[in-house]
Structure formats: structure tokens, C-alpha cells
Amino acid sequence: MDDFYRELIIDRYKNPQMRGELDPHDYSYEDDNPLCGDEIRIDLRVDDDSRITEAAFTGKGCAISLASADLLVESIVGKTLDEIKTLSKDDIIEMLGIELGPVRLKCALLSLKVLKAGVYGLDELEEELMI
Amino acid sequence: MDLSFESTTLDIPAIRRDFPILERETAPGVQLVYLDNAATSQKPVQVIESMDFYYRQMNANIHRGIHCLAEEATVAYEDARKKIASFIGAESWRQIVFTRNTTESLNLLAYSWGRANLKAGDRILLTEMEHHSNIVPWQMLASEVGVTLDFVTLTDQGKLDQESYATLLEREPKLVSFTQMSNMLGTITPVAEMTEQAHRAGAVVIIDAAQSVPHMPVDVQELGVDFMVFSAHKMLGPTGIGILYGRKELLQEMPPFLGGGDMIKRVQLGGFTMNDLPYKFEAGTPAIAEGIGFGEAVDYLANLGMEAVHQYEQALTAYALERLEEVPGIQVYGPEAEDKGGVLSFIYDDIHTHDVAHILDSFGIAIRAGHHCAQPAHQHFDIDATSRASFYIYNVKEEVDQLIEGLYKVKEIFG
Ligand SMILES: Cc1ncc(COP(=O)(O)O)c(C=O)c1O
């Protein structure tokens, strides 16, 4: 069962490192997963080179969705908005380190959807992030 | 109702042997504990084999053929309809319309009966515990025709508030549509009494029996209802086939739903003559194998006896409720065991239902997480989602114990 919920996930769920709001911020976006009601909001500050200097998230959800938000938000500090564009499902799965069925995958991808929609708009989203 | 296991007349080990899927493992050494029966039931070999036999030995289109196969298939399919009619106490097989599922039956009613009988300003009375399939078709009709929807509220125990019902009946709804068993709370509603009240107020009554017909004796004539709808897949039968039962006069007056083959007697370029009941509502080639499998499922349940099915499941539910109440942090929604079917929805401290279901799944235990297509009922109790365990005739006490053990493990991980 520990295969299912690696310690990292439970730890990030219980002790998130990146939880919070940024006020003021350059980008802020919030969305939910209508299937289960999970909600994630991500705030970003970027510098003149479009590099993310600070990032934070708030929200409610299951261990998978909140741990992946925490890990994702942590990983993007220092990246440029262009680099955000290249993040994919596989990056999230690699960060979590577990295999997920299609339903739980939606939980895991909610934060990436919020991040990309916030930066590039919903219209630009890839098919795999249409939750 | 006798809530003890000892008084069951069912041979549960024999029943379990009829369900091959119960032997499977979900991971090496992890045997399936299937507690998601309110979503869909498992199927006994008798049902699986009847469908297999149809495809191997009988496969043909029905009603039109003259040849041997077509005749055998037609008889088998129509026999199933007759079995279903007798299972729910209908006067005639002509009152049994095959649809795809409960949802399609309700949409058929909204489309056909609703459009013919309702006009702007009319009211429809529903309840807060309805499945989305008994809400959305009426919301669609409301925005199209301009009818108004009212909702009977719930008591703290999760029963229908009968005062609210009486008050809303005073608004003289044309239609009252409600469930006989809630798929979230398990609540069994007093259908006979409520139907009589509705009729006195001049309303037509639809009963959503998707959760009740599979688990307890239901007799449409005793209950006095006008329409009843349910799905085969929740009562040991296949997916893709469901029932609309209706009073003959009402079905006769209703315009058809889909047009095409089978629903007509004859067609000319200038128009068509409608077929007799129930075929008027059955356009196109139906789900033949599924119909035959459904007939087999009804035989299986009728052989066990629905009183016995209900008694055993209530014993299981009473036991499960008692055990769940031992677990710190669990809150179960819905009434006491006496007044509910085998559906237990609960929250577990602030542990997300996905996490509960995911951890239980790693022990092979299948439960449901989410709003179970009953968002308004969840909203009533001010919650987003619940975890739901639901039982059927093949579930046993030991599986309830495994569920409880699993829940303690969830607490260890998230505690
Ligand atoms: C009370 C109730 N009504 C309606 C439905 C819809 O049934 P189906 O999905 O078979 O149309 C369900 C099934 O989830 C149900 O539990």
C-alpha cells in the first residue's frame, strides 16, 4: 500500500511547503475538478525576464491533488514562463513517483492545469489537461 | 424486520459461488471485496451464460424474422419482458417498455409525457435526495416549457420531510417524481402513502426504483404508482437495458419518443401508424442479449425471494452501521438500519473521500468516493462528497470486518 501512497505524498499533504497566497501577484488562477470538487489556486510573481521568482498555492482536495500542487509549485520557482509551457503529465507523474489510474490522474493534474491556464489561458491547454 | 444473520433463508456461500468475479484478486494475494453495489452489481454465471448462449446459438434480429433463429430470439426476449412484468406485479407485459437504463426512462417520460401534459406555469415536485437523472431531465423541461420545480426537503436523519411534502402538494403539482431508495442515504421512502397523497392532490406519480427493485419486494399495483423506472445492471443483469413501467392509459396517450423501425405498424410517405404498446416506445433494434440476460437476472432474484434478499441485506446493514460507529471520526449519513437499504455513506474526519477509497482499494476493497450523482443531497448536509459502501446478496459479515480494518489503516496513514 505504501506503493500507492509514497511517504513523500503523505508528507507533502500534511506539511505543504508552498501553501499560501501572494499579494500582489503577476498571475493568479483558480479552477476545480467538477468530478470531486477539488479546488486549486496558484499565484505567481515573475521578473522582467518572465522568470518565476515566487509561487504559492491554496486549495482543498485529496492527498494526491494537494501533494502534486505542492511539488509542482516548488519546482517552478526559477523557471521561465516558456519552460512552464513544456511541463507535461509525465513530469507530474515523475514528481509523485507513483502510478495512477485515469481518475486519480485527474486529481494529480489539476495543479498543472491551473498553472498553465493561468499563464497561457484555457484555450491553449493540451487535451490531456482538459479535466 | 428481523435484523439477525441467523434468520436468513439464503445460502450465501452457494450464492457467492455463482459470482465468478468474487474470486478474483485485484493484486497478488489481494482478494476483491466488492462494496460498490449501488453503482452496479456483479453478475451471476446464469446471466453471463444466457447472453453467451444467445450469441452462440440464437443470434438474430427479433420481431421481423421468419426463420428459426429469429423466432427463438424473439421468444427469449419477449419472455424476459413477461418475467419482469410479473416480478414487479404489473398487470400486463404491455406496460413494460425496454429502455437503456433508468436515466433514459426518465428522459423518455420528460420528453414524451412532459411535453404532452405540462405547460408554462405548471409545477413538478421532486425531492432533495434525487439522483441527478431524476433532476436534470426536469430542469431541461423547465427551461424549455417554463414549468417550475419544487423540492421536498430532508430531515436531519435523511428522510423526506413529510411536512414539507404536504405543504408543497398544496401548490398542486401536475407531477410528483421521487426515489423509493436514496442512493446516497439509503433511505427507503413511503411510496404507497406519498403516492396516495399525490393522487389526491391531482398529480401523476413517477417512482425512481433504481435502488429499490434490486433489493426489496416491489409491487406496482400495491403501491399504486403511475410510472416506475429502473436499470438491469443494478440487479444482477447486464448494462445497457432498463425499464419504464407505466399505467396503460397513460402510456397509450403518450406520443412516441424516438421514431424509426419497430415503433410503427405501417409507414407511407404521407405518414405512419403507431405500433401498439410497448413497441411504440422501442424504435430500432434493441439490446437483445441484454434483454435475455435481464430475464435471467430476474429469475435468479425471484428464486431467492425478495423478502429474503431484503432481510439479509438489512441484517448486513445493521451490522455494518454498528461497526462503523465504533470507528472514531466516522460519521454516517441517513436513517437507522430499519429504515434504509444497504447503502452507507460516510465522512471520515477530514480525510478526503478519494484518499479513503484509494487506500481501501489497495486492500482490494471497492467503495465509491464522491457525490454519487446526488449533489443536492450532499449540499443539504453541507458536504462535498462522501465515501459509500453498498451491499448485495453476496456480501458477508467478514467483508464488513475487512472494511472496518481497512478504515483503521486509513487512519494510520492519515491520522
Ligand atoms: C436512485 C438512482 N436513480 C437513477 C440512477 C441512474 O441509473 P442509470 O445510470 O442506470 O440510468 C441511479 C444509479 O446510479 C440511482 O441510484
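No experiment lies behind these values; they were computed from the predicted model shown.

(A) The nonpolar core, seen in detail. One finds Ile64 and Leu115 of chain A together with Met228, Phe230, Phe294 and Phe414 of chain B to be the most contacted residues of the largest nonpolar core, which totals 151 residues. With 11 residues, helix α11 (residues 306–326) of chain B is the largest single contributor of residues to this core. Sequence-distant contacts of Ile64 of chain A, that is, excluding residues within four places in its chain, are made with Tyr5, Ile9, Leu96, Ile98, Leu100, Arg104, Cys107 and Ala108 of chain A together with Asp355 of chain B. Leu118, Leu126, Val147 and Phe257 of chain B belong to the second largest nonpolar core, which has 26 residues in total.

(B) Representation of the interface of chain A and chain B within the structure. On the side of chain B, 13 residues touch chain A, which itself brings 18 residues to the contact. Interface area, chain A with chain B, both sides summed: about 1400 Å², of which 62% is carbon and sulfur. Scanning the region where chain A abuts chain B turns up 2 salt bridges. Salt-bridge contacts for Asp355 of chain B lead to Arg104 of chain A; the nearest nitrogen and oxygen are separated by 3.7 Å. At the boundary of chain A and chain B, one finds 6 residue pairs in polar contact (both at pLDDT 80 or more). Where the side of chain A that touches chain B is concerned, the elements lending two or more residues are α1 (7–14), α2 (63–76) and α5 (102–120) of chain A. A per-class count over the side of chain A that touches chain B returns 13 nonpolar, 1 polar and 4 charged.

(C) Summary view of the site of the ligand. Residue and element names in this part refer to chain B. In the vicinity of the ligand, 13 residues are found, and the nearest of them are Thr103, Asp208, Gln211, Ser231 and Lys234. Between His233 and the ligand, the recorded distance is 2.7 Å, taken from a side-chain N or O atom to an oxygen atom. Starting from 400 Å² of accessible surface for the ligand in isolation, the protein chains cover 88%. With respect to the pocket detection grid, the ligand is positioned in the largest pocket. By residue class, the composition of the shell around the ligand is 1 nonpolar, 10 polar and 2 charged.

(D) View of the domain arrangement of chain B. Residue and element names in this part refer to chain B. Partitioning chain B into structural domains gives domain 1 (5–44 + 305–413) and domain 2 (48–303). Centre-to-centre separation of domain 1 and domain 2, based on C-alpha positions: 27 Å. Listed per partner, the contact involves 44 residues of domain 1 and 38 residues of domain 2. Between domain 1 and domain 2 the total buried area reaches about 3200 Å² when both faces are included, carbon and sulfur atoms providing 58% of it. There are 1 salt bridge connecting domain 1 and domain 2. With a closest N to O distance of 3.0 Å, Lys159 and Asp339 form a salt bridge. Taken together, domain 1 and domain 2 are joined by 27 residue pairs in polar contact (both at pLDDT 80 or more). Contributions of two or more residues to the side of domain 1 that touches domain 2 are made by α11, β14 (343–348), α13 (375–380) and β17 (386–390). Top element by residues in the side of domain 1 that touches domain 2 is α11. It accounts for 6 residues. When its residues are assigned to classes, the side of domain 1 that touches domain 2 shows 21 nonpolar, 15 polar and 8 charged.

Analysis parameters
Residues numbered from 1 in each chain as written. Chains lettered and ligands numbered in written order. Predicted model: local features only at pLDDT ≥ 70, side-chain atom pairs only at ≥ 80, totals over all residues. Heavy atoms only, no water. Core = buried A, V, L, I, M, F, W, Y, C linked by side-chain atoms within 4.5 Å. Buried < 20%, exposed > 50% of the residue type's maximum accessible area, 1.4 Å probe, protein only. Helix = DSSP H or I, 4+ residues; strand = E, 2+ residues; numbered from the N terminus. Contact = heavy atoms within 4.5 Å. Buried area = accessible area lost by both parts, 1.4 Å probe. Salt bridge = Lys/Arg side-chain N within 4 Å of Asp/Glu carboxyl O. Polar contact = N/O pair within 3.5 Å; in protein donor to acceptor, adjacent residues only side chain to side chain. Nonpolar A, V, L, I, M, F, W, Y, C, P; charged D, E, K, R; others polar. Near = heavy atom within 4 Å. Areas by Shrake-Rupley, 256 points an atom, 1.4 Å probe, with all protein chains shown as cover. 1 Å grid on protein atoms, 1.4 Å probe; cavity = no way out; pocket = protein on both sides within 12 Å on 5 of 7 lines; lining within 4 Å. Sits in = over half its atoms within 2 Å of the grid points. Domains from an automatic or database assignment.

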